[in-house]
Amino acid sequence: MKHSLENNILTLFPEGRIDSGNAEKTEAEINSVIAENPSENLILDVEALQYLSSAGLRVVLRLRKKFSGMKIINASPEVYDIFDMTGFTEMIQIEKAYRRLSVEGCEVIGQGANGKVYRLDPDTIIKVYLNPDALPDIHRERELARKAFVLGIPTAIPYDVVKVGQGYGSVFELLNAKSFAKLIIADTANVDKCVEMSVELLKKIHSTEVKPGDMPDMKEVALNWASFLGDYLPREDFEKLYALIDAVPHCDNMLHGDYHIKNVMLQNGEVLLIDMDTLCVGDPVFEFASVWLAYQGYSSLDHEVVKGFLGIPYEVTTKIWNDTLRLYFGTDDEEVLRSYEDKAKVIGYTRMMRRTIRRKGFETEEGRALIEHCKASLAALLPEIDSLSFNK
């Protein structure tokens, strides 16, 4: 019986079949391995197991009595069905095996803090998570996407979870779908239409009320960002910043959390939203902070940053940002629009400063410059702003 012992976890790798013809011998072998490798936890990696009969199930049941926290992993669909039909999935944590895919040579169509999105073929995209232990994140994103879809948001819902190298990915079917970024790169004449459609979808998202507790509260996240800066901002600026965010009214309306032209796609004339792990609820000012960061903020000191991220020149993303404000709020009044922009910037600079510090920004010249830029910008904005609400 192949086995491994690591961190007080014994993993066994049964192969082939366990049935009435070999169940007794197999159990004796397993017990011998357990006796020679004492541990508190047991995992059965059944990737190479093809079948187990009722006799094999009884072996598993007796193991479970010895190890109450026993886990079974990498069960093929056939083996998983046996466990499921006999009720073992209700007694033991059993994980299905995941088919393996490679993204080598595939086009990268998006990248965020949690992973990269690749196009596998004209019909299929895959989001590969950076964290190799991302299964909880994947299931969380699938659940968020499902909730949004039920509420009427046109979303791409993952239909499969796969192994990619040592990590995991979610697979989506997006037949002939292109991101708005790709459409604009192909022809800048598409900018106006793409902005119109993206604003229409953004309004739909923000008008969708979510059941309390179903999605994270973005205000709480932003307060954590502000708290982090307590050691880096002058006391007066920190207190004003925290008070402004704390005063934003609670709202159970949906936000995407990372809304930009790479996360909005067009499929056969229908607009679809992707990358749903950032779904949350809150005041629209939090959404516009992330939109501003994508189109302007992260490129504050180096306008080439946005070209690398979205594939579009800074002057084009500036137009996208300004047109998004104008269409969303339904006004051409520059004074009003700039006041809304400043409110979004307060949260945007807060997020960017914290992000840069946490990514060891003080250790590089570029990082130190960006941290100082955020700090100076907040110092200039905060005395001029009495509320982050767009309605005040």
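Figured I'd write up the structure that's included with this text. Residue numbers here run from 1 along each chain, matching the order of that chain's written sequence. Confidence filtering applies because this is a predicted model: local features only for residues at pLDDT of at least 70, side-chain atom pairs given and counted only at 80 or more, and all residues used for totals across whole chains, interfaces and linings. Just so you know, side-chain values use all the structure's heavy atoms and leave hydrogens and water out.

Side note on the overall build of the chain
Then step 1. Each helix and strand counted, the chain has 13 helices and 17 strands in total.
Then step 2. The dimensions of the chain, computed from C-alpha atoms along their principal axes, are 80 × 50 × 40 Å.
Then step 3. Taken over 392 residues, the chain has a buried fraction of 51%.
Then step 4. Contacts were defined at the residue level, with two residues in contact if any of their heavy atoms lie within 4.5 Å. In the chain, of all internal contacts separated by at least 6 residues, the share reaching a separation of at least 24 is 67%.
Then step 5. Looking at the chain as shown, the accessible area adds up to about 19,300 Å², and 48% of this sits on carbon and sulfur atoms.
Then step 6. One way to put it: in the chain the 45 positive side-chain charges average out to a point 3 Å from where the 61 negative ones average out. Comment: elements are numbered from the N terminus, with helices defined as DSSP H or I runs of at least four residues and strands as E runs of at least two. Here's how the labels work: a residue is buried when its accessible area is under 20% of the maximum for its type, exposed when over 50%, partly exposed in between, all with a 1.4 Å probe on protein chains only. The Shrake-Rupley method, run with a 1.4 Å probe, gives the accessible areas here. Residue values count only the displayed protein chains as cover. Residues scored as positive are Lys and Arg, those scored as negative are Asp and Glu, and His as well as the terminal groups of each chain are ignored. By convention, charge coordinates are those of NZ in Lys, CZ in Arg, CG in Asp, or CD in Glu.

A few points about helix 4 (residues 135-150)
Then step 1. With 16 residues, helix 4 should cover 22 Å at 1.5 Å per step; its first-to-last C-alpha distance of 23 Å lies within 8% of that length.
Then step 2. Those residues of helix 4 that fall on the buried side of the exposure criterion are Leu135, Ile138, Glu141, Leu144, Ala145, Lys147 and Ala148.
Then step 3. Buried residues along helix 4 sit in contact with strand 10 (124-129), strand 11 (160-164), strand 12 (167-173) and strand 14 (254-255). One less than the residue count of a helix, multiplied by 1.5 Å, gives the span that helix is expected to have.

A short note on the packing of aromatic side chains
Then step 1. Note on aromatic pairs: the rings of Phe, Tyr and Trp (six-membered ring only in Trp) are paired at centre separations within 6.5 Å, and the planes decide the class, stacked below 30 degrees, edge-to-face beyond 60, tilted for the rest. Evaluation of the coordinates by the stated rule reveals 14 aromatic pairs.
Then step 2. Pairing phenylalanine 288 with tyrosine 328 gives two aromatic rings, centres 4.8 Å apart and planes at 75°, and the pair type is edge-to-face. Placement of phenylalanine 288 in helix 9 (residues 284-295) and of tyrosine 328 in helix 11 (residues 314-329) is noted, with a sequence separation of 40 residues between them. Pair check on accessibility: phenylalanine 288 and tyrosine 328 agree, each one buried.
Then step 3. Between phenylalanine 288 and phenylalanine 329 the ring centres are 5.3 Å apart and the planes differ by 35°, which places this aromatic pair in the tilted class. Here phenylalanine 288, found in helix 9, pairs with phenylalanine 329, found in helix 11; they are 41 residues apart in sequence, far enough to count as distant.
Then step 4. An aromatic cluster is built from Phe288, Trp321, Tyr328, Phe329, Tyr340 and Phe390, whose rings are joined through pairwise contacts.
Then step 5. For the cation-ring pair, lysine 96 lies above tyrosine 80, with the distance from its terminal atom to the ring centre recorded as 4.9 Å.
Then step 6. For a lysine, the NZ atom is tested; for an arginine, the CZ atom; a charge sits over a ring if that atom is within 6 Å of the ring centre and within 35 degrees of the ring normal. Lying across the ring of tyrosine 298, arginine 355 places its NZ or CZ 4.5 Å from the centre.

Details of a nonpolar patch on the surface
Then step 1. A contiguous nonpolar patch, built from Phe149, Val150 and Ile157 and spanning about 280 Å² of accessible area, is present on the exposed surface.
Then step 2. On the secondary structure map, valine 150 appears in helix 4. The patches described consist of residues with a relative accessible area above 30% and no salt bridge, like charges being joined within 9 Å and nonpolar side chains (Val, Leu, Ile, Met, Phe, Trp, Tyr) within 5 Å. Think of a salt bridge as a Lys or Arg side-chain nitrogen and an Asp or Glu carboxyl oxygen that are within 4 Å of each other.

Here's the deal with the pairing of strand 7 (residues 93-96)
Then step 1. Paired strands are those between which DSSP finds at least two bridges. With 3 bridges connecting them, strand 6 (residues 71-75) and strand 7 associate as parallel partners. Bridging across to strand 7, alanine 75 finds its partner in lysine 96.
Then step 2. Whether a crossover is right-handed comes down to one check: with the strands pointing away from the viewer, does the path from the first strand over the helix to the second run clockwise; if it does, it is right-handed. Chirality of the crossover, the property in question, places the unit of strand 6, helix 3 (residues 77-85) and strand 7 among those that are right-handed.

Thoughts on unusual backbone geometry
Then step 1. The residue asparagine 268 is not glycine, and still its phi comes out positive at about 50°.
Then step 2. Within the fold, asparagine 268 resides in the loop between strand 15 (264-267) and strand 16 (270-273).
Then step 3. Notably, aspartate 275 is not glycine yet its phi reads approximately 60°, a positive angle.
Then step 4. On the basis of relative accessible area, aspartate 275 is assigned to the buried category, the value being 10%.

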